[in-house]
Amino acid sequence: MLKFITAVLTSLTTGSIYALMSTALVLVWRSTRVINFAQAGQAVFTTYIGYEVTIRSGSYWIGVVAAIISGALIGAVIDRFFMRPIFKRIKSGPIVMIAPVVATLGLLGIIQAIIGFIWGLTYQSIPAPVSTDGFQVFGSTIAFSPFNLMVLISVTISMLLLTLLFQKTNIGLALRASAYSPEIAKLSGIKVDAIRTLGWALAGAAGGLAGMLFVPSSYLYPNAMDVLLVFGFIAAVIGGLDSLFGAVAGAMILGFAINFATSYISSKLVFPMAFIILILVLLIKPGGIFSSRKGRKD
Amino acid sequence: MIRNNRMKRYSIVSAVVAAGAMVLSTLPAQAADPGVTATEIKLGVSTPLTGSAGLAYGKVPGAMKAYFDYINANGGVYGRKIKLVVRDDKYLPTLAATQTTNLILKDNVFALVGALGTATHSKAYTAASLAAKNVPDLFVNTGFSGFGNISKYPTAFTVLPSYAMEAKIMSKFIKEKFAGQAVALIAQDDEFGVDGVNGFKAGALALANTTLYPQSSLNDARVKALLTGLSAIPGKPVVVLFGTTDVTALIFKAAESLNLVSKFTWIAGSVGGDANTLLALGVKPTTIDGAVAASFFPDAKDSTDAYVSQFMKINEKYNKGVSFDNIVLQGMNSAMLTVQALRAAGKNLTRTGLIEAIQNKGSKFASAGLVPLNYSATSHVGYNGYWFGQLNAKGELKPYGGTLAIFTTDSAAGAVEASTYTRPALPKNGIPTNS
Amino acid sequence: MLKLTSNKKRLLLFILLGWVLLLVGDRVGELRQYQGSFVATYSLAIASIILLTGYSGQLSLGHSALMAVGAYAGALSINNAHLHPVIALIIATLTAGVFGLILGVAVARLTGPYLAGTTLALAVSLPTLANQFPILGGEQGVVFDVGAPPARFGEGFSQYKWFFWISSLAALIMIWMISNLLNSRYGRTFRAIRDNQISAALAGINAGRVKVIAFAVSSGAAGLAGGLLVMLISGVSPSAFPLSLSFSLLTGAVVTGVYNLKGVMLGGLVLVAIPEIADSLTTRIGGSEGFTATLPGFLVSALLILAVLFAPNGPGHLIKRKKH
């Protein structure tokens, strides 16, 4: 029984961090039709900024705010000054499909190199703001601590805010319209380019938050979020790249599958499990679980 | 058609460019042994400097270099200065293979010293053709007993006692001191961990639970699941940790989080048991207090020991900013052995000569180890024993039960025997004068 | 006048290239032979990517996994079944090819990011399978020992020259076969699928089957490259095929022009030369540990971005454009 509860709780925790990454990827995909591999680099970079602020200010939460804001700024800058010139240059030919992806890969490498150059490659730590000792339940300690709870709450709040933004505000409407049908959106007077940059900014902010929530339980170094990127991507694909709800659902499915498999079967099954889930989903529904029939214009 | 021709030309051009680049950058072949000149001896080491293993063992090359700098400042080896080339292999076998090959082919080192890691170095040894090229592979920084196999690794010399030896002595220790408690083993899933498993078998220790984990696969959640499972064992089980320090730290921190520290008796193997590194990685002092660890050196905090205090002085002057601990002690000790080996090989320094020097005279080299060195014409095995101690909250290792009890054995089925060995005295000022 | 078809011309070109490499291999030192072997291996891997992505339009991030399949198959053939190294390499190619065939069928319905995601997942998960099955040796891996050069080549024939001969020859043969394939009817079919799947289907092309063929051939080539790579490091282990390898290969492919097989050797050269250049630079000018360790990655990534921005269709087209 204890093992089951532990598995469920750790699944929720890992799933929620994957959810932040997959949300970020889906945000960029919906607005730009690009898989942003540089997301891992952006997230780590903003987490380093959060780390510096935390060290200097002594407060973790100020660091989180700094990470979120810098994440948004960096995301916007990348869209405006990097992605847009690339799209301008590559208008035709089959390269259109892979050039942006490859470009984000290159950007990832550059960001990680810059991080290594500025901060060195030694592992850093960000101490957690609340205790990481497990809660006491029925006399024994479970593998779920106040810190894990904090992560879960933070992610839930962020998701709620994002949903509110998308469903209840004009900007949210503009974001959805531009992603779904850019030409019509433009005709309605929506500044599609600016809206797209906003999408990147939101994605960058999500990545920064993900990093700050992830690092206290691990270490901070240039490649710290590579694995998260991979799982976030897989989660996004499972959920169907077109919906934010799918991104979160996919992340939870992935988190549960992996944690239960490693808990009950073998700790060596982490990556194979992810692959199996992905292949199963895509075999049944090539567009991901929650994808709609239309909308895949790639 | 024109397009085809131009493209064809382009492909020929690219091939010629590649070929030309290779030819023009070729170096003339060497006649004598590389890496030795009248003024310099070049040694090489492939070791993790970055990555999670770098956290734990990154200090080794710096410590070796500090000792070499000290010797260089005091006349070098027959007037030659020692230069140490360090390459980072991130504890990855593939990288170790290419880096070691680079050390031989590109940096043209005379010999390798202190190569670190079982899986990494066993790959690197074959990939870099060390046997065919007769490159001395001194004092490898791993306890894998396989490296003592002269037919497979003819130019390698171990220094650390093997993991099989450690497991055998540990088996005797556990059976004596913790009879009646179940024993669980958590070990790295490669030759290092398997060497230990075999040693426990040879030591006839029954294991209630054996978990072998791939090096890169453990994280906080998985460790917690593992420990939760082990906590179901009744009594106070003994948990033996046969992994690198970063993983040992992970396990300790998970136990802290689950409040399971006092549930088990912890025994940290030699590879992952350095208290200072564990504390630096965030393990609480109360957690390591009482944990059992094995060593074959005096404790690095024991400044009454002649070797320790001499190395501390060298560290102060030539390795500024680095705190002195067991890792630094080990590095400097290997460096001191290296200098003695180079001296014993004589002024006419050759690779064959170096190997023979260690075989013939190595067992008499001065070193900080409290157990004997076993080099001979038929044995490339260094230290062969351990003593057990308990860590306290300050990270000091004190003999278990108060008295120092050293045991020696071999990596096969030989018995575990109490040792009466006394080590050679420290050369004056730590500068060897042997020949 | 002897009528030389383009096929025969291509064969002659490759034979000529083979002779050049053989001669060069004789003249250079062991270090260059060692590096040259890597160039040959990477060139082959890049060729497989060009086939799959450039010609049939399927973006795969999982070539490191396909190389791993070939590598393990080859290593097990030599180590456990004690087969001749040449047979082992052929087995490596075939095993990876069959694997690619199955994979191709599984992912035939996927496009764009879904395919990328699946191949990405494959790339990170496949190497870890080595820890599941003891026969695959876990982190330790399996030894791949092609043995010393045959005695009849004499004393001076170094191990590295032997590696160079094997890898160059194998790569040359495989790339020649791919080149023939791409210049045949199949090549045109691939490009038709890539450019417009619907029109191709209307023209009667069975898109699914063609994509699977492309996948299988590409995987076979990648498997061979994997076998050659582990020959150079004397053994296969999970760490030999990290995700970053897939990314590097894609970089090499884009830099040399992902639509054209011709410059493939340049791509391989770039992948080997950049870390070398970075290494020499850092030994000369020193610098912090952070600088030395990150410089190669920085150079490769910068090169990739420049290539995408200024020569997205490969340097060949760049030269062509300039001449107008």
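For clarity, every value in this text was computed on a predicted model and none was experimentally measured. (Residues numbered from 1 in each chain as written. Chains lettered and ligands numbered in written order. Predicted model: local features only at pLDDT ≥ 70, side-chain atom pairs only at ≥ 80, totals over all residues.)

Visitor: Hey, could you run me through the overall build of chain C in this one?
Guide: When you go through chain C residue by residue, the secondary structure sums to 13 helices and two strands. Taken against the 2.2 N^0.38 rule, which gives 20 Å for 324 residues, the C-alpha radius of gyration of chain C at 20 Å falls within 12% of a compact globule. With respect to the principal axes defined by its C-alpha atoms, chain C has extents near 60 × 55 × 50 Å. Per-residue burial over chain C gives 59% buried out of 324 residues. Of the contacts formed within chain C by residues at least 6 apart in sequence, a portion of 78% connects residues at least 24 apart. (Helix = DSSP H or I, 4+ residues; strand = E, 2+ residues; numbered from the N terminus. Rg over C-alpha atoms; globule rule 2.2 N^0.38 Å. Buried ≥ 20, exposed ≤ 12 C-beta atoms within 10 Å, placed from the backbone. Contact = placed C-beta atoms within 7 Å.)

Visitor: What is the right way to read the overall build of chain B from this model?
Guide: Along chain B, the regular secondary structure elements total 14 helices and 14 strands. Scaling as 2.2 N^0.38, a compact globule of 435 residues should have a C-alpha radius of gyration of about 22 Å, and chain B matches this with 23 Å. With the C-alpha coordinates aligned to their principal axes, the bounding extent of chain B is approximately 80 × 65 × 45 Å. By residue count, 62% of the 435 residues in chain B fall in the buried class.

Visitor: Help me understand the environment of A:Asp242 in this model?
Guide: Of note, A:Asp242 is situated in the loop between helix 9 (226–239) and helix 10 (244–264). Between the alpha carbons of A:Asp242 and A:Phe138 there is a distance of 43 Å; along the sequence they are 104 residues apart.

Visitor: Can you help me understand the nonpolar core in this one?
Guide: Side chains that are nonpolar tend, in soluble globular proteins, to be buried together. Counting 359 residues, the largest nonpolar core has A:Ile234, A:Leu254, A:Ala274, B:Tyr67 and B:Met332 as its most contacted members. A total of 15 residues in this core trace back to one element, the largest contributor, which is helix 2 (residues 30–55) of chain C. With sequence-adjacent residues up to four places away left out, A:Ala274 is seen in contact with A:Phe231, A:Ile234, A:Leu254, A:Ile258, C:Ala121 and C:Ser125. (Core = buried A, V, L, I, M, F, W, Y, C linked by C-beta atoms within 7 Å.)

Visitor: What is the right way to look at helix 8 (residues 192–214) of chain A in this model?
Guide: Structurally, the α-helix is built with 3.6 residues per turn, so residues lying three or four positions apart point the same way. Between its first and last C-alpha atoms helix 8 of chain A spans 33 Å; for 23 residues at 1.5 Å apiece the expected length is 33 Å, and the two agree. Of all 23 residues that make up helix 8 of chain A, 19 are buried, and the element is covered over most of its length. (Expected span 1.5 Å × (residues − 1).)

Visitor: How do you make sense of helix 10 of chain A when you look at a structure like this?
Guide: The first and last C-alpha atoms of helix 10 of chain A sit 30 Å apart over 21 residues, in line with the 30 Å expected at 1.5 Å per residue. With 16 of 21 residues buried, helix 10 of chain A lies mostly within the body of the structure.

Visitor: Any chance you could explain the interface of chain C and chain A here in plain terms?
Guide: Interface size is commonly expressed as the accessible area that is lost once the parts come together. With 44 residues of chain C in contact, the opposing surface of chain A contributes 41 residues. Among the elements of the structure, helix 5 (112–125), helix 7 (185–195), helix 10 (243–256) and helix 12 (289–310) of chain C are those that each provide at least two residues to the side of chain C that touches chain A. At 14 residues, helix 12 of chain C tops the list of elements feeding residues into the side of chain C that touches chain A.

Visitor: Would you mind showing me how to read the sheet that holds strand 4 (residues 137–140) of chain B here?
Guide: Sheets are built from strands paired through backbone hydrogen bonds, the pairs being either parallel or antiparallel. All names here are of chain B. Spatially, 2-1-3-4-5 is the arrangement adopted by the five strands of the open sheet, whose pairing is parallel. With one partner strand each, in any of the chains shown, strand 2 (81–88) and strand 5 (156–158) form the two edges of the open sheet. The mean inter-strand angle of the sheet, taken between neighbouring strand axes irrespective of direction, is 25 degrees. (Pairing = 2+ DSSP bridges. Axes fitted to C-alpha atoms, helices over the stretch in contact; angles between N-to-C directions.)

Visitor: Could you clarify how one ought to interpret the interface of chain A and chain B in this entry?
Guide: With 21 residues of chain A at the contact, the number on the chain B side is 16 residues. When residues of the side of chain A that touches chain B are traced back to their parent elements, those giving at least two are helix 1 (2–32) and helix 10 of chain A. Looking at which element gives the most residues to the side of chain A that touches chain B, the answer is helix 1 of chain A, with five residues.

Visitor: I tried to follow the packing of helix 2 of chain C against helix 6 (residues 159–182) of chain C on my own but got confused; where do I start?
Guide: How two helices sit against one another is set out by the angle between their axes and by the gap between those axes. Residues and elements named next belong to chain C. Closest axis-to-axis distance for the helix 2/helix 6 pair is 8 Å, and the angle between their directions is 20 degrees. By the angle class used here, helix 2 and helix 6 are roughly parallel. The handedness of the crossing between helix 2 and helix 6 comes out as left-handed. Listed contacts from helix 6 to Glu30, Gln33, Tyr34, Gly36, Ser37, Ala40, Thr41, Ser43, Leu44, Ala47, Leu51 and Tyr55 of helix 2 are Tyr160, Lys161, Phe163, Phe164, Ser167, Ser168, Ala171, Met174, Ile175, Ile178 and Leu182. (Parallel < 35°, antiparallel > 145°, perpendicular 65-115°, else oblique. Left-handed = near helix turned anticlockwise from the far one by under 90°.)

Visitor: Would you mind going over the environment of A:Leu282 with me for this structure?
Guide: Mapped onto the elements, A:Leu282 comes out in helix 11 (residues 270–284). By C-beta crowding, A:Leu282 is classed as buried, having 23 other C-beta atoms within 10 Å. Setting aside anything within four residues of it in sequence, one finds A:Leu282 in contact with C:Leu110, C:Tyr114 and C:Thr118.

Visitor: Looking at this structure, how should I read the pairing of strand 6 (residues 183–188) of chain B?
Guide: Residue and element names in this part refer to chain B. By the criterion of burial, strand 6 is predominantly enclosed, with six of the six residues buried. Residues Val183, Leu185 and Ala187 of strand 6 are buried on one face, and the alternating residues Ala184, Ile186 and Gln188, pointing to the opposite face, are buried as well. Pairing of strand 6 with strand 8 (residues 238–242), which is carried by five bridges, proceeds in the parallel orientation. When the sheet's bridge partners are listed, isoleucine 186 is paired in strand 8 with leucine 241.

Visitor: Looking at this structure, how should I read the confidence of the model for chain C?
Guide: A low pLDDT means the predicted coordinates there should not be read in detail. Looking at chain C, pLDDT values average 81 and 90% of them are 70 or higher. The complex prediction reports pTM at 0.83, with the ipTM value standing at 0.80. (pLDDT = per-residue confidence, 0-100.)

Visitor: Just to check I follow, could you spell out the packing of helix 9 of chain A against helix 11 of chain A for this structure?
Guide: All names here are of chain A. Two elements in contact, helix 9 and helix 11, have axes whose closest approach is 10 Å; the angle formed by their N-to-C orientations is 20 degrees. Comparing their axes, helix 11 and helix 9 come out roughly parallel. Where helix 9 crosses over helix 11, the handedness of that crossing is left-handed. On helix 11, the residues touching Phe231, Ile234, Val237 and Ile238 of helix 9 are Ala274, Ile277, Leu278 and Val281.

Visitor: Honestly, the environment of C:Gly147 in this entry has me stumped. Any pointers?
Guide: Residues and elements named next belong to chain C. Tracing the backbone through its elements, the reader meets glycine 147 in the loop between strand 1 (142–143) and helix 6. With 10 C-beta atoms counted inside 10 Å, the residue glycine 147 sits in the exposed group. Considered as a pair, glycine 147 and methionine 231 are 84 residues apart in the sequence and their alpha carbons are 9.7 Å apart.

Visitor: Sorry, what's going on with unusual backbone geometry here?
Guide: With a phi angle near 55 degrees, B:Ser129 is a residue other than glycine that sits in the positive phi range. Within the fold, B:Ser129 resides in the loop between helix 5 (118–127) and strand 4. The backbone of C:Ser234 shows a phi angle near 65 degrees, a positive value even though the residue is not glycine. Classification of C:Ser234 as buried rests on a count of 25 C-beta atoms within 10 Å.

Visitor: Please explain the confidence of the model for chain B as it appears in this structure.
Guide: Residue and element names in this part refer to chain B. Taken over all residues, the pLDDT of chain B has a mean of 88, while the share at 70 or more is 92%. Of all secondary-structure elements in chain B, the lowest mean pLDDT belongs to helix 1 (residues 2–24), at 53, while strand 3 (residues 111–113) reaches the highest, 96. Considering only residues more than four positions removed or in separate chains, one finds that residues 25–30, a stretch of pLDDT under 50, has seven contacts.

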